[in-house]
Amino acid sequence: DAGVTQSPTHLIKTRGQHVTLRCSPISGHKSVSWYQQVLGQGPQFIFQYYEKEERGRGNFPDRFSARQFPNYSSELNVNALLLGDSALYLCASSLLSLGTEAFFGQGTRLTVV
Amino acid sequence: DQQVKQNSPSLSVQEGRISILNCDYTNSMFDYFLWYKKYPAEGPTFLISISSIKDKNEDGRFTVFLNKSAKHLSLHIVPSQPGDSAVYFCAAKIPNTGNQFYFGTGTSLTVIP
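Residues numbered from 1 in each chain as written. Chains lettered and ligands numbered in written order. Predicted model: local features only at pLDDT ≥ 70, side-chain atom pairs only at ≥ 80, totals over all residues. Heavy atoms only, no water.

Colleague: Just to check I follow, could you spell out the state of the cysteines for this structure?
Modeller: Chemically, a disulfide is nothing more than a covalent bond linking the sulfur atoms of two cysteines. Applying the stated criterion across every chain, the model contains two disulfides over all chains. The residue that forms a disulfide with A:Cys23 is A:Cys91, at a sulfur-sulfur distance of 1.8 Å. Sign of the S-S torsion, about -65 degrees for the bond between A:Cys23 and A:Cys91, identifies this disulfide as left-handed. With A:Cys23 in strand S3 (residues 19-24) and A:Cys91 in strand S9 (residues 87-94), this residue pair connects regions lying 68 residues apart in the sequence. Looking at A:Cys91, the relative accessible area reads 0%, which means it is buried. Paired by a disulfide, B:Cys23 and B:Cys90 hold their sulfur atoms 2.1 Å apart. Between B:Cys23 and B:Cys90 the sulfur-sulfur dihedral comes to about -75 degrees; the bridge is accordingly left-handed. Within this pair, whereas B:Cys23 is found in strand S3 (residues 19-25), its partner B:Cys90 is found in strand S9 (residues 86-93), the two being separated by 67 residues in sequence. (Disulfide = S-S within 2.5 Å. Helix = DSSP H or I, 4+ residues; strand = E, 2+ residues; numbered from the N terminus. Buried < 20%, exposed > 50% of the residue type's maximum accessible area, 1.4 Å probe, protein only.)

What follows is the structure, encoded as structure tokens:
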């Protein structure tokens, strides 16, 4: 079975641009969460979606948005990119909304120049 | 503010010996704790977890200990193997918050053959 898949794996963008990151959860998993991991830090929670509804949001500006599709895949969108948005963006899926375990993808490395 | 702390950025251990990774937390509402292992260029992989109603959980070579009064948990790996060399993240969650995990900054474990 395929695990959590994310695309693209690497991305370089210019300040002020917009970016869309994609995630496909493990088959049968209905919950998708997004995390940002800045170099030298642990992952920081951005969003959780379950059954296409937002179930949680971390302390991130409104430039960050996400959505979940009927097939449970998800997109993370970031507008007006800043240099500080450079990070590894991780997607995690779980079976339930209140799952006690999340399975992570390999991440998308975003570099803003 | 960092609610989950891993104060040792790195740890080196001889193969066959015990590795002890430590984690402290500040939020008494946390009721579930997890350890993830991360290799370079991969997403975090779930290792072991513990509920706040327990003080110990064992899975093969891995044991997690929880001391609620001290707000401290530790991961013991016995015996340590070179393949255990990775970054280990401690994570915690608050009840009914879905997959909103709070991660520590990680400890890089090197097991020397």
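Colleague: Got a minute to help me understand the interface of chain A and chain B in this structure?
Modeller: Buried accessible area, meaning the area lost when the parts come together, often serves as the stated size of an interface. Contacts between the two partners involve 23 residues from chain A, matched on the other side by 21 residues from chain B. With both chains or domains summed, chain A and chain B bury close to 1,600 Å², and 56% of this area falls on carbon and sulfur atoms. Our enumeration of links across chain A and chain B arrives at zero salt bridges. Joining chain A to chain B, the criterion identifies six residue pairs in polar contact (both at pLDDT 80 or more). Elements represented by at least two residues in the side of chain A that touches chain B include exactly strand S4 (31-37), strand S5 (44-50) and S9 of chain A. At four residues, S4(A) tops the list of elements feeding residues into the side of chain A that touches chain B. (Contact = heavy atoms within 4.5 Å. Buried area = accessible area lost by both parts, 1.4 Å probe. Salt bridge = Lys/Arg side-chain N within 4 Å of Asp/Glu carboxyl O. Polar contact = N/O pair within 3.5 Å; in protein donor to acceptor, adjacent residues only side chain to side chain.)

Colleague: Where do I start with the nonpolar core in this structure?
Modeller: Considering soluble globular proteins, one finds that nonpolar side chains tend to be buried as a cluster. Membership of the largest hydrophobic core comes to 24 residues, with the highest contact counts inside it found for B:Phe33, B:Trp35, B:Leu73, B:Leu75 and B:Tyr88. At the level of secondary structure, the elements contributing two or more residues to this core comprise S3, strand S4 (32-38), strand S5 (45-51), strand S7 (62-67), strand S8 (72-77), S9 and strand S11 (107-112) of chain B. Top element by residues in this core is S9(B). It accounts for four residues. Residue contacts for B:Leu75: discarding those within four places in its chain leaves B:Ser19, B:Ile20, B:Leu21, B:Trp35, B:Leu47, B:Ile48, B:Phe62, B:Thr63 and B:Tyr88. Counting 22 residues, the second largest nonpolar core, distinct from the first, contains A:Phe60, A:Phe64, A:Leu81 and A:Cys91. (Core = buried A, V, L, I, M, F, W, Y, C linked by side-chain atoms within 4.5 Å.)

Colleague: How should I be thinking about the sheet that holds strand S1 (residues 5-7) of chain A in this particular structure?
Modeller: Pairing between the strands of a sheet comes from backbone hydrogen bonds, and it takes one of two forms, parallel or antiparallel. Residue and element names in this part refer to chain A. Taken in spatial order, the four strands of this open sheet run S1-S3-S8-S7, and their pairing is antiparallel. The strands lining the two open edges of the sheet, one partner per strand, are S1 and strand S7 (64-68). Averaged over all neighbouring strand pairs, the angle between strand axes comes to 15 degrees, with direction disregarded. With five bridges connecting them, S3 and strand S8 (residues 74-78) associate as antiparallel partners. Each residue of the ladder has a partner; that of Arg-22, found in S8, is Glu-75. (Pairing = 2+ DSSP bridges. Axes fitted to C-alpha atoms, helices over the stretch in contact; angles between N-to-C directions.)

Colleague: What's the story with the pairing of S9(A) in this structure? I'm lost.
Modeller: Residue and element names in this part refer to chain A. Where burial is concerned, most of S9 is hidden: eight out of the eight residues are buried. Neither face of S9 is exposed, since Ala-87, Tyr-89, Cys-91 and Ser-93 on one face and Leu-88, Leu-90, Ala-92 and Ser-94 on the opposite face are all buried. Bridge analysis of S4 against S9 gives seven bridges, and the strand direction is antiparallel. Opposite Val-32, over in S9, you have Ser-93 as the bridge partner. With two bridges joining them, S9 and strand S10 (residues 103-104) adopt antiparallel strand pairing. Note on S10: the bridge partner recorded for Ser-93 is Phe-103.

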